[in-house]
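# Architecture at a glance
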Amino acid sequence: MCFLFGGLQDPSWSQPVLVKMGINGLTCSACARSVEMQIRKLPFVRDVVMDIAGTEASVLIAPDRSFLPEKLMKAVYKAGFSVRDFRVRMNASEFRVISSNRLEWAGSEYIILSGHLPDGRQGSEARIIARKYLPESERKEILDSYSIDPQNRKSKFILFL
Amino acid sequence: MRWLWIGCFLFLRTALNAQELFPLSEPANTLPAGVLGLRLYSDGNYEIRTLKWMAGARLMYGVTSRLSLYLSGTASNHHSKKLPPDLVSHTHPSGGSPYYFTRQVLRGQVYPMNWNGFHLMAKYRFLNLDGKNSHLRMALIAEGSLVKQAHDEAEPNLLHDNRGWGAGLIVSLLQNRFAASMTLAGILPSDYIEQSPDQITGSPVERRMSYGNGLRYSLSLGYLVQGNRTNDYDEPSTSLYLELIGSSWGDAKFVYDGRSIPTENPAFKAGYYLEIHPGIQRVIGSNLRMELSVGFPLFHRSWVHYYPMYSLGIQRFFY
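Residues numbered from 1 in each chain as written. Chains lettered and ligands numbered in written order. Predicted model: local features only at pLDDT ≥ 70, side-chain atom pairs only at ≥ 80, totals over all residues. Heavy atoms only, no water.

## Description of the pairing of strand 3 (residues 56-61) of chain A
Residue and element names in this part refer to chain A. Of all six residues that make up strand 3, five are buried, and the element is covered over most of its length. Direction of pairing for strand 1 (residues 17-24) relative to strand 3: antiparallel, over a ladder of six bridges. Residue Val-17 lies in a different strand from strand 3, and its bridge partner there is Ile-61. Where strand 2 (residues 45-51) and strand 3 come together, six bridges link them in antiparallel fashion. (Buried < 20%, exposed > 50% of the residue type's maximum accessible area, 1.4 Å probe, protein only. Helix = DSSP H or I, 4+ residues; strand = E, 2+ residues; numbered from the N terminus. Pairing = 2+ DSSP bridges.)

Listed below in C-alpha cells is the structure:
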C-alpha cells in the first residue's frame, strides 16, 4: 500500500491513475488472490493491493499504457465476482471536456452527474456510474435521484466526489 | 449419537466465520476464467480387514467466469476385472431345470488396484446475487463418466464405479460469513456388460448388470477457525467442515445370457443413506489446500464402503 500512495506523491513521473474497486463476493484470501491474478494480467496495471477485510482492490495504472476501465471491471467478473464500487483518482490532464456536462476519459464518454471537475494537478475522486460498475439496483437508485431520462440510462455517468 | 446431534447444533449456531472450499462437495462457485487447477485425492476404508481405497487426480479449468470443467481419472481396488464368477449360482429343484439366482453378498474380498476411468463434469453458474458480505449462487452441473468396472452392487457412483450420466443443481449461500451449500443431482448409470464363460458349459455368455437410477445429495457447512483475518496471502488458515452426504438408488438387475436372474443379494436392492463427514482443512499461501475428513453413517449405510471412511485431498490453482 505504501508503494501505491508513495508513487502518487512522486513528482518525478507523470501521475498514475489510482482505481479503487469495491468487490462483492470476496470471502477469503483464495478469492482475493483469484481477483488479483486476473487484474495483474492486464497490461496497463502497475500494481494491485487487495484489502480482504474491506473487500476492496486498489489498482495503480501505469501512466505510459492506455487504460481501459472496462477491462479492469471485466477482470473482476472473469474471476467470478462483481464490482460494488468503482472509484478513480484523476486530475485535469487525464480527461477532455466535451461540453458543460460531458467529458471523455480513458476512451469513453461520460455524462457528469455532479461535483466539481478537478483542475491542475489537484486530483479529484470520481465514481463511475454505469452498468456492471456497481450493483444494478444502486445504479437505478442513483439515476432516479438525478432524474435521468430512461432513454439516456445506458450512457456512462461520472460523479465527482 | 445424541452427542453428535448436540455437536451439529452447536456448530450451526456458532458458524459465523465460514469457508466454502468444501473438502468433499463442490460449491456453486466456478473457477476464474483461464485458470487451471489440480486436485489429488484419495479415500479409503477397511472392509472387514481389507483396505479398500481409491486414488484420483482432477484437472480443473475455468472456461469462462461462469463455466468450469473438471476432468478426473481414478484408480481403486474396489472391483475385480470381471464380475465374480460365482455371482450366479443355480440349483436343480426336484431334479428339474436349473434355477439361477445371484449369490449372497461377499465382503472383504481382496482385489488388485485397477484403473477405473475418466469422469468429466461441467459446472455452469447461472445465478449470482452478490453483496459485500453475502452471496447466493446457483449452478447447474452435468457429468458423464467413462468408467468400466465390474461393479456388482446397486449403489451407483459415476466417479469410480459406473459409466453413465448425471445432472444436478448446487445452491451456495453465504450470509455474514455463514456458508452453506446444498447439492442435489440425479445419476443415470449405464449397464455393465461382459462376456464370461458359463460355469456349466464353459461357453461365453453375456452377463449384464443394469443399475437403477440414483440421487446424490449433500449439505455442507464450513467454519473458519484461524487465519484470513489479515491481507497477507502467506497467512495460513484453518477451517473445520461438516458435510452431510447421502445417496439413494433403485434396484439393480442382473441379466445372464438374456435371462433376468432373481436376486438373493441385498447389495442389488434399492437403498439410501446419509453420512456425516467432519473435516479439517489447511490453506497455505491462499492457494494450496490440504484437507482430511472422516465419514460416519447417520441413517442407513452405503453398500460400497465401510466406516469410518477417510478422505484426503490436496489442491492448487495455477494462475
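Once the structure has been displayed, the description carries forward.
## Some remarks on the domain arrangement of chain A
Residue and element names in this part refer to chain A. Assigned domains within chain A: domain 1 (17-87) and domain 2 (89-160). Once you take the C-alpha centre of each, domain 1 and domain 2 turn out to be 20 Å apart. With 14 residues of domain 1 at the contact, the number on the domain 2 side is 17 residues. The contact between domain 1 and domain 2 buries some 1,300 Å² in all, and 55% of this surface belongs to carbon and sulfur atoms. Asp-85 serves as the salt-bridge partner of Arg-127, at 2.5 Å between the closest nitrogen and oxygen. Counting across the domain 1 and domain 2 interface gives eight residue pairs in polar contact (both at pLDDT 80 or more). Elements that contribute at least two residues to the side of domain 1 that touches domain 2 include exactly strand 1, helix 3 (69-78) and strand 4 (82-90). No other element matches the five residues that strand 4 contributes to the side of domain 1 that touches domain 2. Here the side of domain 1 that touches domain 2 is built from residues that sort into nine nonpolar, one polar and four charged. (Domains from an automatic or database assignment. Contact = heavy atoms within 4.5 Å. Buried area = accessible area lost by both parts, 1.4 Å probe. Salt bridge = Lys/Arg side-chain N within 4 Å of Asp/Glu carboxyl O. Polar contact = N/O pair within 3.5 Å; in protein donor to acceptor, adjacent residues only side chain to side chain. Nonpolar A, V, L, I, M, F, W, Y, C, P; charged D, E, K, R; others polar.)

## Section: helix 3 of chain A
Inspection of helix 3 of chain A places Pro-69, Glu-70, Leu-72, Met-73, Ala-75 and Val-76 of chain A among the buried residues, and these make up the whole buried set. Residue Gly-80 of chain A follows helix 3 of chain A closely and has a positive phi angle near 100°.

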